Structures are given as C-alpha cells and as structure tokens.
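Chain residues, written in single-letter form:
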Amino acid sequence: MYRIKKTLFFFYKALKHPANAIKHILPLKRLINNLFQIYGIRYQLPVLDSIILCVTNFCNAHCLMCDIGLNHDKGMNILQRSEKREMDFELLKKISNDPYVLKHKPFFNILMTEPLLHSRIGAIVKELKENNYQVNLTTNGFLLPEKAQELAESGLDYLQVSIDGPIELHNRIRGIDVFRKAIEGIKKLNSFNAKPLININCVITNLNFSYLTKLVDKIEREGILINQFKFQFMYFVSEAMQKRNNVLGVKEMMQSESTINKYMMPDKVNIDILYKELQELRAMKPHNIQQIRIIPDIRSKKELRNYFNFKGEKMPYYDYCAWPFRQIAVKTDGVVLFHTRCFNYSLGSLLDGSCVRSVFFSLKAKYFRKQFKRYKFCLPACTRCCGVVSKVS
Ligand code: SF4
Ligand code: SF4
C-alpha cells in the first residue's frame, strides 16, 4: 500500500509540472529507474540525472553538524579537499557544453561549502541556463543580500537557504550571525519580478528538534514567500556504522565517522517531543509557505527511535541509494565523485581530457556499481545518508 501511495504521488508530482516531467521523469530509462527504486527492485540503468557542482572548497560558516565547518578530519571535509579554492569558469563551460550532458539535460545542483563565495557565481548560473538546464543553488544565506540581484538576473530556478531555528538558535548552530542576512536576502529576491523559487531547508538535530513549529511561525511572521519548507533529519555516519561498514573490507567503500561530535548526538533527540512537532508541522497551513515537506517521511515513534540512534540500522523502504547510477559530483579541481557525502572514490578527472560520458561510464565507475549491487544498494555507512533517506518520496 505504501509503495502504491508513493507511485501515485510520484505521478501526481509529474503531472503538476508536465514540462519538467517530459524532460526529467518520463524518459524511459529514468522512469524505469524511479519505479525500480520505489518498489525496491535492486537494479538501475546508469543514466545521468543530476550533476552536483562544488564551485568552492571553503566556507564562511562553522556549522555544528558539519565536518567542513568544524574543520574535522573526516567525512565531507575529506571529500571536499582539493588544490583549487574555486572552480575555473572554463571547467564549468566544458561541463555545460559536454555532448552527453547536453543530450541528457541533468539537473544541476550547486551546493557544498558556500557557492556564493565564488567570484563569478552569477555567470556560472547564467552559463548553465543558456543551455536550458534546471539549476538549484544551496546557500547558508550570509552573502545573499549582496548577491540577490545577481542571482535573480542569472535565471536561477531554485534557491535553497539553510535555516535551522529561530534567530539565536540558528546563529548558534551555524556559528555566524546569519539569520537576519538570510531573511534580508530572501526579501530582496522576493521583490524582483523574475526570481528563483525559494526553498528553506532545516536539518533536524538534537539541538533544534523542539523548535520546528516555532521556526515555521517565525518565518511566516517575516512575511517572505517560500515555495517549500523542508525538514530534513540529520545525516550521519556513527562509529558503529563505520565499523560495520569497514569490516566488510571493500577498499573502495571505506568510510569515516561523519557529523557526529560533542554537539551532534542523534540519541539526544527526545522522540516524544519530535513526534509531536512533526505531527503539528504536517497539520500547519501557513499562508506564505506553499508546502512543508519532511524527509524522510516516517511517521511512527518506533521508526523515529530507529533513525535517531547511533546504531544506524537499516530502515524499511529507505534502504536503497541509486545515485551511483544517476549522479556525479564535480569538485573544484575537476575530480569526479558520485556524491558529496559518499565514499571517497574518484571516477576520474574532467581536467585530463576526459569527457563526462567517459568518466560516468569509466571502468572505475562500473566497478563501483558492480560492488554496490553486491551490497544491495545500501552499505552500513549509507543508512543515514541523503542517498537513501531522500529516496523518491
Ligand atoms: S554552510 Fe554548509 S559547508 Fe558551510 S559549515 Fe555550514 S553546513 Fe558546512
Ligand atoms: S547512500 Fe549513496 S551517496 Fe550515500 S554513501 Fe551510500 S552510495 Fe554514497
């Protein structure tokens, strides 16, 4: 029943945005892949659905849930390391005009570290829009007031701003005085005629689980227009998950602990309070926020207890990552990974003369996919990663 509901919702979403559906959802291989994922059939056809661009490798925030912000020698901070602080425009043009990319029209996601720190961020988005790609950019919002006009003029489709709580709490979690800047930037964007759809993303952790509805009220009082307010459970790799993962001995898929530190402790989430907050969130009907979405969409206290737990046991339904078959992430220096929180496994480099197709179908990529199939599309280090948690829902 659950899967049928997911299928119906999947087609409902496609019907709501037919132009997007024709390009991105209904082409046969993509449709097959999505249905296989919803129904848990462990098979995927490699086809490039999305490209993550890491356009900078440094950040201006110090978020308590982030290995990069805290400069910890693990997790995403290892993956983001590269010689280049920002991606060269020539590399971006090469990706944008690559024949395989032009043919498959993947969704571009500009995220990780802080993309607004790139000196030519507006030009990057403009270049992608000239080739008719859909583009999302995720930011902590600190530079949004000064970059809002540039972004509006670039033709950006979606802007995701991270906001994790009311003013003081958010600033404490993010390690900088950023709440008011993010709101000011959104207000500025709201004032332009042509502007991106604005989504807010809140990461639910042990620091803010009891402030979720208060945050929606606060944003509503600011009078800003929001397309989607996403509440996303914290992603992490605990020591227990790391050990279970690495004992498998697959050298390409070794993983380090990630996100867990003295501030971030999933088992400190009070499940009774979180359960109540999530129920209230689902019932809220704010005027200025079109949609509230909770990721993953799990609804029982038992499942919530399983999620916010250092053990990181597999969850029903959310146990299938398809990204190694559908996505690449390009770092500032042209090195290609599958994802920004994935295993530290390079598929190749776009700066050594390779094109996107040759990297996406490289022997290394194929080898990884073969190994990944052996582990049923979800290793012990994958169970709290966005790859499985944000599965078609
Ligand atoms: S803004 Fe993003 S990259 Fe920067 S510290 Fe925060 S979570 Fe990490
Ligand atoms: S869930 Fe997917 S993206 Fe995440 S670590 Fe596993 S394979 Fe990589």
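Our subject is the structure that appears above.
Note that this is a predicted model, so its numbers are computed, not measured.

K.L.:
Looking at this model, I keep getting lost on the sheet that holds strand 6 (residues 226–233). Mind explaining?
P.N.:
The pairing of strands in a sheet comes from backbone hydrogen bonds and takes either a parallel or an antiparallel form. One open sheet accounts for 10 strands, arranged 7-6-5-4-3-2-1-8-9-10; its pairing is mixed. If you trace the sheet from one side to the other, it starts and ends with strand 7 (289–295) and strand 10 (348–349), each paired once.

K.L.:
Can you walk me through the site of ligand 1 in this structure?
P.N.:
Around ligand 1, the neighbouring residues are Cys-59, Ala-61, His-62, Cys-63, Cys-66, Ile-68, Gly-69, Thr-113, Glu-114 and Asn-140. Considered class by class, the residues forming the shell around ligand 1 number five nonpolar, four polar and one charged.

K.L.:
Mind showing me how you'd approach the site of ligand 2 here?
P.N.:
Near ligand 2 there are 13 residues, and of these Cys-321, Cys-342, Cys-382, Cys-385 and Gly-387 occur at the shortest range. Those elements giving two or more residues to the shell around ligand 2 turn out to be helix 15 (323–326) and helix 18 (386–389).

K.L.:
What's the story with the pairing of strand 5 (residues 197–204) in this structure? I'm lost.
P.N.:
Along any regular strand, the residues point their side chains to alternate faces of the sheet. Two elements, strand 4 (residues 158–162) and strand 5, share five bridges in a ladder whose sense is parallel. Note that in strand 5 the partner of Tyr-158 across the bridge is Leu-197. The pairing of strand 5 with strand 6 spans six bridges and is classified as parallel. Across the sheet, residue Ile-204 finds its bridge partner in strand 6, namely Phe-233. Each parallel crossover has a hand, and for strand 5 linked through helix 11 (residues 212–222) to strand 6 it is right-handed.

K.L.:
Got a minute to help me understand helix 9 (residues 167–174) in this structure?
P.N.:
An α-helical turn contains 3.6 residues, so any two residues separated by three or four positions project in the same direction. All of the buried residues in helix 9 are His-170, Ile-173 and Arg-174. The arc that holds the buried residues of helix 9, viewed along the axis, is 90°, so those residues lie on one side. Where helix 9 is buried, its residues touch helix 10 (179–190). Remark: Gly-175 follows helix 9 within two positions and exhibits a positive phi of approximately 75°.

K.L.:
Whenever I open this one, the environment of Asp-157 confuses me. Can you help?
P.N.:
With respect to the helices, strands and loops of the structure, Asp-157 is situated in the loop between helix 8 (144–154) and strand 4. C-alpha separation for the pair Asp-157 and Asp-98, spaced 59 residues apart in sequence, amounts to 21 Å. Discounting chain neighbours no more than four positions away, the residues touching Asp-157 are Gln-134, Val-135, Asn-136, Pro-196 and Leu-197.

About the thresholds
Residues numbered from 1 in each chain as written. Chains lettered and ligands numbered in written order. Predicted model: local features only at pLDDT ≥ 70, side-chain atom pairs only at ≥ 80, totals over all residues. Pairing = 2+ DSSP bridges. Helix = DSSP H or I, 4+ residues; strand = E, 2+ residues; numbered from the N terminus. Near = placed C-beta within 6 Å. Nonpolar A, V, L, I, M, F, W, Y, C, P; charged D, E, K, R; others polar. Right-handed = clockwise from strand over helix to strand, strands pointing away. Buried ≥ 20, exposed ≤ 12 C-beta atoms within 10 Å, placed from the backbone. Arc of directions from axis to C-beta. Contact = placed C-beta atoms within 7 Å.

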